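Breakdown of the fold
If you want the building blocks of each chain, they are given just below.
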2 protein chains.
Amino acid sequence: MILNSVGIVGLGLMGGSLGLSLKHLLPNTKFIGYDHNETHKKDAIELKLVDKVTDNLNDIFDCELIVLAIPVDGIIEILQNIKSIPKESTIIDLGSTKKQICDNIPSSIRENFVATHPMTGTEKNGPNAAFDGLYTGKTVVLCDTQNSGKTQLKLVEQMYKLLKMNIISMDSTTHDENAAFISHMPHAISFALANSVMKQKDPKNIIALAGGGFRDMSRIAKSSPAMWESIFKQNKTNVLDSIGYFKKELEAFEKLLENEDFVALRAWMSDANKLHDILK
Amino acid sequence: MILNSVGIVGLGLMGGSLGLSLKHLLPNTKFIGYDHNETHKKDAIELKLVDKVTDNLNDIFDCELIVLAIPVDGIIEILQNIKSIPKESTIIDLGSTKKQICDNIPSSIRENFVATHPMTGTEKNGPNAAFDGLYTGKTVVLCDTQNSGKTQLKLVEQMYKLLKMNIISMDSTTHDENAAFISHMPHAISFALANSVMKQKDPKNIIALAGGGFRDMSRIAKSSPAMWESIFKQNKTNVLDSIGYFKKELEAFEKLLENEDFVALRAWMSDANKLHDILK
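As annotated in an unreviewed UniProt entry, chain A carries the name prephenate dehydrogenase and is attributed to Sulfurovum sp. enrichment culture clone C5. The Catalytic activity (unreviewed entry) comment attached to chain A in UniProt states, word for word, "prephenate + NAD(+) = 3-(4-hydroxyphenyl)pyruvate + CO2 + NADH". Taken from UniProt, the Pathway (unreviewed entry) comment for chain A reads in full: "Amino-acid biosynthesis; L-tyrosine biosynthesis; (4-hydroxyphenyl)pyruvate from prephenate (NAD(+) route): step 1/1."

Moving on, we get to the packing of aromatic side chains. Overall, the coordinates contain 11 aromatic pairs over all chains when judged by the stated rule. Ring geometry for Phe-181 of chain B versus Tyr-245 of chain B: centroids 5.8 Å apart, planes at 45 degrees, classification tilted. Remark: Tyr-245 of chain B occurs in helix H11 (residues 236-258) and Phe-181 of chain B occurs in helix H7 (residues 172-198); sequence separation between them is 64 residues. Residue Phe-181 of chain B is classed as buried on the basis of its relative accessible area of 7%. Taken together, the ring pairs in this structure connect Phe-191, Trp-228 and Phe-232 of chain A together with Phe-253 and Trp-268 of chain B into an aromatic cluster. Positioned above the aromatic ring of Phe-262 of chain B is the side chain of Lys-233 of chain A, whose terminal nitrogen or guanidinium carbon lies 5.0 Å from the ring centre.

Each partner contributes to the interface: chain B provides 80 residues, whereas chain A provides 80 residues. Buried area between chain B and chain A, summed over both chains or domains, comes out near 8,100 Å², and the portion from carbon and sulfur atoms is 72%. Looking only at chain B, the three residues that lose the most surface to chain A are Ile-182, Leu-209 and Met-217 of chain B, adding up to 9% of its buried area. Counting across the chain B and chain A interface gives 12 salt bridges. Across the pair Arg-266 of chain B and Glu-229 of chain A runs a salt bridge, and its minimum N-O distance is 2.4 Å. Linking chain B to chain A there are 28 residue pairs in polar contact (both at pLDDT 80 or more). No other element matches the 17 residues that H7 of chain B contributes to the side of chain B that touches chain A.

Cut-off values and rules
- Residues numbered from 1 in each chain as written.
- Chains lettered and ligands numbered in written order.
- Predicted model: local features only at pLDDT ≥ 70, side-chain atom pairs only at ≥ 80, totals over all residues.
- Heavy atoms only, no water.
- UniProt positions renumbered as here; feature names shortened; annotations may be inferred.
- Phe/Tyr/Trp six-rings, centres within 6.5 Å; stacked < 30°, edge-to-face > 60°.
- Helix = DSSP H or I, 4+ residues; strand = E, 2+ residues; numbered from the N terminus.
- Buried < 20%, exposed > 50% of the residue type's maximum accessible area, 1.4 Å probe, protein only.
- Lys NZ or Arg CZ within 6 Å of the ring centre and 35° of its normal.
- Contact = heavy atoms within 4.5 Å.
- Buried area = accessible area lost by both parts, 1.4 Å probe.
- Salt bridge = Lys/Arg side-chain N within 4 Å of Asp/Glu carboxyl O.
- Polar contact = N/O pair within 3.5 Å; in protein donor to acceptor, adjacent residues only side chain to side chain.

Set out below in structure tokens:
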């Protein structure tokens, strides 16, 4: 694919990894980064996540492809500040929520915009967490694509295919419902699990016994509070609903164990096993 | 270390991996396996987890070291059926609960017995899941060691050191409390998470979006219902107590989000982050 310039706002795990991966795939493209954190700017250049950084957002808005890789409330703010960009420019975001973002794009740039959510990440953040391969083989969701320009949509699909991603399309409402179950609610659970252990009398003695199961269950409890605050804020209703469903299941477990109904308890666990017939 | 013979009851993930790893470290030792599953017996021989299998438990009881690698209710049953073994013999179990096991060992073999819980495993089970390295670098808990014979305790410590494990000692009551938090309750959560997704209208559409976070959080929901039934049974009170603490935290999250108290929500997440100052 031919792409003259890519401007990335936010040089952390997501934006930094995208820059790094695309730079290897598109050696003739110019990559410009923007970040309000001075250390991030220096690190991004040192780690070669982008070719140069700028303090002027207009340099980013002049790029052929503009990538918004910042917390979801920041995405809405920045979109509303883009007054005018060339007709052919493409803007994408990498945010974990999609409904409020899609509902708040100024109509003047609606066709320029493609809402995307790459279903990848780690518990780490910042430029040092970025790595080539974060996107490879993962799924990316494109939302409300009927409102994006054809040229823009084609470019974005080309880019994600170049990154060897599996592209799925859905409306932003369904995305946010599903993302609550598959990502947002599990993050709330992981934070709650970490806090329940940390509030015990001697957490160190408990944590000394941690094996792979606990490590996996608590890994995402290391995620950035700032980033997750705005995700929970934007997807409040779906997150609370999905926690409701989860609590119902946990309470079913409690009841079965309290009543020592081990036949039903075993059946309940066998039902859970079936998830892995679908999740390969 | 010198060890003439090891008898392993249960040739699944834990017992099979122990056989495989020790065989490499102790090439002059004879390894005999016992399993009531015919396929497991064949697989264990094919995979060279043990040198031979027997249908006669007495062949196992004749070994210098007897390893009980079966579900925790089975461990209690088998211990109560061991009438007499040589004074120098050593018996260990690898079960996830310790209190009921320690409370139910016949006094005639109490000194022969060392209660151990290697804090390792995967969501898989059976001989095919066994691998050399399952134990390497992991922690093993030894419980109520004051009731074990000195020779037996020394042999078990030597064996776990040979496997490059980190040995911790504690009483079985504390073990079961801590294991509830670090292993049993997280398993209940993972099962509940899997079931909450599976009971939605279209789980496939949700699961299509699964990234690393959900995969990690739901991995142990693949664990064996038979094995976990007996763990939950034996550690009922501690499991229910720890779930109580977890639910309190999850409900704190719900309340903060409902009330849109984002300052406190961010602080709550930062508290959870601190787990990883301890869990390296």
